[in-house]
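# Chain and residue survey
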Amino acid sequence: MDKDNGFGRMAFNKQMMRERLPHAIYYRWKNAIRNEADLDRETADAIAHAMKEWALEMGATHYCHWFQPLNGRTAKKHDAFLDRTEKYDTIHRFSGKELVRGESDGSSFPSGGMRSTFEARGYTYWDATANSFIIDRILYIPTIFVSFNGEKLDKKGPLLESMKLLSQYGSQVVNLFEKEEYTYRMKPKVGLEQEFFLVDEAHFNARSDLKSIGRTLIGADAPKGQEMGDHYLGGIPRRVMDFYEDVNRKLWDLGIFAKTEHNEVAPGQFEIVALYENVNIAVDYNQLIMSILKETAREHGMVCLLHEKPFSGVNGSGKHNNYSLTTNYGKNVFDPGDNPAENLTFLLFTAAMIEAVDDYAPLLRIASSGPSNDNRLGGLEAPPSIISMFLGSEIEEILKDIAHEEYHADIRLPKAFKINSLGYAPTDGSDRNRTSPFAFTGNKFEFRMVGSSISGADANIVINTALGHSLRKIADALVPLADDAEALSEKARELIAEIVLKHERILYNKDNYSQAWVEEAKRRGLPNFASYFDALESYKRPELMRIFDEYGVLSETEVAALYEIGIESVANHYSLETRALLTMLTKDVEPAVIREIKDLSEVAGRIENAALNRRIETFNLLLEELLLRHDALKASYEEAMALAGYEQAAYFQHEILPAFGHIRKICDELESMISRENWRIPTYEDIFTKLV
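Please read these numbers as outputs of a predicted model, since none were measured by experiment.

### Here we look at the overall build of the protein
- A count of helical and extended segments in the protein gives 21 helices and 20 strands.
- Relative to its length of 692 residues, the protein is compact, with a C-alpha radius of gyration of 28 Å against a globular reference of 26 Å.
- Seen along its three principal axes, the alpha-carbon backbone of the protein occupies a region of about 100 × 85 × 60 Å.
- Taken over 692 residues, the protein has a buried fraction of 55%.
- Relative to all contacts within the protein whose residues are 6 or more apart in sequence, the contacts with residues 24 or more apart total 73%.
- As presented, the protein carries roughly 30900 Å² of accessible surface, and 49% of it is formed by carbon and sulfur atoms.

What follows is the structure, encoded as structure tokens:
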């Protein structure tokens, strides 16, 4: 914490612990998180006391164990530091036991059947690697959440286990080739780019679809959308600049390095990016950022929409997951260096990532998504549901040269070019491919499929586990050759060749949005799950799920629970969307049509106008069709609600969801014809132009 500028003043971070804890206690904590040793009670009590004293000085009155249940959100309950003695005197208490473990209701959060309603006990355990922090006079303690029997009921527990796995086998591989420093720990470093929309609060409150589900179920195209490309990286509106200023102030206090902010492509769409952190910290911070965005927007008379596709016809929002992997001394194994063709560490880790992404693509599809992200994937800026990898021409050529005997790399680096007054400008080794779901971008991989509202934990659990599994196989093959440098190098290149030959189907450097790629991917045998619901069946494939149980990341029971939770989320999501649409038809759309017909009919009764009569007839026909589809949707909804589990989710996905498009087409045509006086739902034009 920088005392002079207040950065991180509300975070009980490493520097604060160093200042407030006795050296011996601080060393024991550091040793515990470095070597995964157990914290003894004396150490826990000392840390708890220092944390309490600091929190009280900063104005905190309560503490909470902050956790991330399987619904992808966050949860907490507040407990006061205030207590009483045996003589009923007031006292502030916070023990090591209270720091390390808390208790919460384990049955009221999604558990996929692991907890029954009557089995209420659940426990939260301190994540000693994460910073505690204060918001609104509450000390937040990041924790994992487990059931009475130890089943993982959250996303952080599996994430920490996957990090442990990756560190173990990644370190073995690195130490075979990097002799100057010894690697005892590796950490995935993740930077999450958060996209979002801002809308005026009055417009939000006037649309029941936005209020209920965060996206518009109807809405004709605005006269001007994003066609001119004038919003992307353009001038940020004053109102939004004030909003960003307050967001940055809050993040500053928490010690979160907010690096970049700008307009995104769609009108009313923006982005904020935090600097890289250890992946569990990055996920914590992203959850805080999403919460702060929503809270601060309200303070400025706006609403922050995190839904992946709030508006049809313009770009949706993602959460791009930038992933690198570093040793304890700071070496990024995905940095190709000056001579990538000879950098065996880089080539092995890159090959391992290729294998991981190809073998476990269905799980990445699930982990990056949810029903709401289905509206975004494959549209405009978002990658399609088919997962491929872009490596850039230089790296791909090097790997092909290793893999194919008759292949000779053709590496054509961009020519240097002159910029006025600067001489020759530095250039990159390859271009970027924004249409690729999983792209190498110089010294990291960018996974672009993650939805804006989705927890960043899920995708990284899959990446860590799959990559760790691949690295274990590489380590098993190479460690016996550790003392023979020549044989080690030869075997490493042999492994790289084998992996590339087996998995090069996943490599694609062209336009992933094109129909040509859909056809080519099918020829290559790559999976293409059009919906999250369809992808969920992959949870039932033992050859995919085995790695989670094998490495202790998720048990078979926990995986089965994730499947049940996914199925339930599909049914709940589309049930809510259906009710929202039925409500809008009854209370907004149909009354607007009737008012318009009434007004036109009054005029038609006074004058002879064939065109006007045709217009009235058009309205009548559209209204009749809308009423019929309305009744059919209501009947289908009642049928769906009589079902349960998989059958209910399948009915919503395959029978009810297609009806949305037909109804929307009618509503949007009506909106384009009805007067502003009678169409009282805020339009896309209203929403897109309000913030400017």
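### Considerations on a negative patch on the surface
- A grouping of Asp483, Asp484, Glu486 and Glu490 is seen on the molecular surface, where their side chains present a negatively charged patch.
- Residue placement: glutamate 490 occurs in helix 14 (residues 485-503).

### Digging into the domain arrangement of the protein
- On domain assignment, one finds that the protein holds domain 1 (11-153), domain 2 (163-214 + 229-554) and domain 3 (570-689).
- Using only C-alpha atoms to locate each centre, domain 1 and domain 3 end up separated by 50 Å.

### Some remarks on helix 14
- Its 19 residues place the ends of helix 14 27 Å apart at the C-alpha level, agreeing with the 27 Å of an ideal helix rising 1.5 Å per residue.
- Buried within helix 14 are the following residues: Leu488, Ala492, Leu495, Ile496, Ala497, Ile499, Val500 and His503.
- Packed against the buried residues of helix 14 are helix 5 (156-177), helix 10 (344-359), helix 12 (393-403) and helix 13 (457-478).

### Description of the packing of aromatic side chains
- Using the criterion set out here, one finds 32 aromatic pairs in the structure.
- Look at phenylalanine 7 and tryptophan 252: their rings are 4.9 Å apart centre to centre, the planes differ by 80°, and that puts the pair in the edge-to-face class. On the criterion of sequence distance, the pair formed by phenylalanine 7 in the segment before strand 1 (11-12) and tryptophan 252 in helix 8 (residues 238-254) is long-range, its members being 245 residues apart.
- The buried category is assigned to phenylalanine 7, whose relative accessible area is 14%.
- Connected via pairs of aromatic rings, a cluster forms that spans Phe334, Phe346, Phe349, Phe438, Phe440, Phe445 and Phe447.

### A few points about the pairing of strand 15 (residues 319-327)
- Counting buried positions along strand 15 gives nine out of nine residues, so the element sits mostly inside the fold.
- Residue alternation in strand 15 divides its side chains into two sets, Lys319, Asn321, Tyr323, Leu325 and Thr327 and His320, Asn322, Ser324 and Thr326, and both sets are buried.
- Bridge count between strand 10 (residues 186-200) and strand 15: nine bridges; the pairing is antiparallel. From the neighbouring strand, glutamine 194 faces strand 15, where its bridge partner is lysine 319.
- In this sheet, strand 20 (residues 445-447) lies alongside strand 15 in antiparallel orientation, the contact comprising three bridges. Looking across to strand 20, one finds that asparagine 322 is bridged to glutamate 446.

### Some thoughts on the pattern of salt bridges
- With the rule as written, the count across this model stands at 35 salt bridges.
- The shortest N-O distance in the salt bridge between aspartate 127 and lysine 156 comes to 2.9 Å. On the criterion of sequence distance, the pair formed by aspartate 127 in the loop between strand 7 (121-126) and strand 8 (132-135) and lysine 156 in helix 5 is long-range, its members being 29 residues apart. Side by side, aspartate 127 and lysine 156 carry an identical accessibility label, which is buried.
- Arginine 365 is the partner of aspartate 374 in a salt bridge, and the nearest nitrogen-oxygen pair spans 3.0 Å. Considered together, aspartate 374 and arginine 365 belong to a single accessibility category, that of buried residues.
- If you follow the salt bridges from partner to partner, you end up with Arg28, Asp40 and Glu42 in one network.

Conventions and cut-offs
Residues numbered from 1 in each chain as written. Predicted model: local features only at pLDDT ≥ 70, side-chain atom pairs only at ≥ 80, totals over all residues. Heavy atoms only, no water. Helix = DSSP H or I, 4+ residues; strand = E, 2+ residues; numbered from the N terminus. Rg over C-alpha atoms; globule rule 2.2 N^0.38 Å. Buried < 20%, exposed > 50% of the residue type's maximum accessible area, 1.4 Å probe, protein only. Contact = heavy atoms within 4.5 Å. Areas by Shrake-Rupley, 256 points an atom, 1.4 Å probe, with all protein chains shown as cover. Patch = residues over 30% accessible without salt bridge, like charges linked within 9 Å, V, L, I, M, F, W, Y side chains within 5 Å. Salt bridge = Lys/Arg side-chain N within 4 Å of Asp/Glu carboxyl O. Lys, Arg positive; Asp, Glu negative; His and termini not counted. Charge placed at Lys NZ, Arg CZ, Asp CG, Glu CD. Domains from an automatic or database assignment. Expected span 1.5 Å × (residues − 1). Phe/Tyr/Trp six-rings, centres within 6.5 Å; stacked < 30°, edge-to-face > 60°. Pairing = 2+ DSSP bridges.

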